[in-house]
Amino acid sequence: DSGVTQTPKHLITATGQRVTLRCSPRSGDLSVYWYQQSLDQGLQFLIQYYNGEERAKGNILERFSAQQFPDLHSELNLSSLELGDSALYFCASSRPGHSYNEQFFGPGTRLTVL
Amino acid sequence: GNSVTQMEGPVTLSEEAFLTINCTYTATGYPSLFWYVQYPGEGLQLLLKATKADDKGSNKGFEATYRKETTSFHLEKGSVQVSDSAVYFCALSHNSGSARQLTFGSGTQLTVLP
């Protein structure tokens, strides 16, 4: 158990809908990262937050957005869903002061868009 | 930009065989290098890491050496077990600035047969 929790574990929805994925980082970790894992794109970085502020953006679509709240949990919002958004979405967290940036991953949320 | 190239899978070995999974990277500066492992139905777990040239990361019998001259970080294990069956990801992260996202390779599926 990495200490990072993600809910829900599975999500099935229809095209055009909007969903919210939730992540709670390990105690003491200030950074939260979101990654998407799909068969065709592999593991891709989406976005990073540090102590409530956005720090880096990767290949995140405009239909996707995220935020980190004062209690440090984070939510990833996916809207106008398309079939191609079906994937495993991982959240990871890391602790400040680690120069090598060891990230701890949650178990993921499997999103299926029908 | 940064990129990681891993040897194509899948790899199938008999128990107690020697394992090598090749990984090369492209990056500016001096990234940190990681191997993550993903067991079926689970999230990613950090297997080992190296933060500077010539560092050797090791864990659970796995080893990898950070070779700056060949930009490589090959994973090796002298004697694999059935329980090592999983997908292995090579990844890099930069150490400067506040953006510390991981760039992953495509993953290598390892199956160890008894």
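Everything here concerns the structure above.
Here is a short report on the structure shown in this document. Just so it is clear, the model here is predicted, and its values are computed rather than measured. (Residues numbered from 1 in each chain as written. Chains lettered and ligands numbered in written order. Predicted model: local features only at pLDDT ≥ 70, side-chain atom pairs only at ≥ 80, totals over all residues. Heavy atoms only, no water.)

## Here's the deal with the nonpolar core
Item 1. In this structure, W35, L47, L48, F73, L75 and Y88 of chain B are the most contacted members of the largest nonpolar core, which totals 26 residues.
Item 2. Listing elements by their share of this core, those giving two or more residues are strand 2 (11–14), strand 3 (19–21), strand 4 (23–26), strand 5 (32–38), strand 6 (44–50), strand 8 (62–65), strand 10 (86–93) and strand 12 (108–113) of chain B.
Item 3. The element that contributes the greatest number of residues to this core is strand 10 of chain B, accounting for four residues.
Item 4. With sequence-adjacent residues up to four places away left out, Y88 of chain B is seen in contact with Q6, I21, W35, Y36, V37, L47, F62, L75, G107, T108 and L110 of chain B.
Item 5. With 21 residues, the next largest nonpolar core counts V32, Y49, F64 and V113 of chain A among its residues. (Core = buried A, V, L, I, M, F, W, Y, C linked by side-chain atoms within 4.5 Å. Buried < 20%, exposed > 50% of the residue type's maximum accessible area, 1.4 Å probe, protein only. Helix = DSSP H or I, 4+ residues; strand = E, 2+ residues; numbered from the N terminus. Contact = heavy atoms within 4.5 Å.)

## Quick word on the sheet that holds strand 3 (residues 19–24) of chain A
All names here are of chain A.
Item 1. If you trace the four strands from one edge of the open sheet to the other, you get 1-3-8-7, paired in antiparallel fashion. In this open sheet, the two strands that pair with only one neighbour each are strand 1 (5–7) and strand 7 (64–68). The mean angle between the axes of side-by-side strands here comes to 15 degrees, regardless of whether they run parallel or antiparallel.
Item 2. Here strand 7 pairs with strand 8 (residues 74–78) via five bridges, running antiparallel. Looking across to strand 8, one finds that S65 is bridged to N77. (Pairing = 2+ DSSP bridges. Axes fitted to C-alpha atoms, helices over the stretch in contact; angles between N-to-C directions.)

## Points about the interface of chain A and chain B
Item 1. Contacts between the two partners involve 19 residues from chain A and, on the opposite side, 19 residues from chain B.
Item 2. Between chain A and chain B, the buried area comes to about 1600 Å², and carbon and sulfur atoms account for 57% of it.
Item 3. One salt bridge connects K49 of chain B with E102 of chain A, and the closest N-O pair in it is separated by 3.8 Å.
Item 4. Our count for the chain A to chain B interface comes out at three residue pairs in polar contact (both at pLDDT 80 or more).
Item 5. Where the side of chain A that touches chain B is concerned, the elements lending two or more residues are strand 4 (31–38), strand 5 (42–50), strand 6 (53–57) and strand 9 (87–94) of chain A.
Item 6. The residue makeup of the side of chain A that touches chain B, split by class, is 10 nonpolar, seven polar and two charged. (Buried area = accessible area lost by both parts, 1.4 Å probe. Salt bridge = Lys/Arg side-chain N within 4 Å of Asp/Glu carboxyl O. Polar contact = N/O pair within 3.5 Å; in protein donor to acceptor, adjacent residues only side chain to side chain. Nonpolar A, V, L, I, M, F, W, Y, C, P; charged D, E, K, R; others polar.)

## Comments concerning the state of the cysteines
Residue and element names in this part refer to chain A.
Item 1. Summed over the entire model, instances satisfying the criterion amount to two disulfides over all chains.
Item 2. Here C23 is linked by a disulfide to C91, with a sulfur-sulfur distance of 1.8 Å. Between C23 and C91 the sulfur-sulfur dihedral comes to about -45 degrees; the bridge is accordingly left-handed. In this pair, C23 sits in strand 3 while C91 sits in strand 9, placing the two residues 68 residues apart along the sequence.
Item 3. What makes C23 buried here is its relative accessible area of 0%. (Disulfide = S-S within 2.5 Å.)

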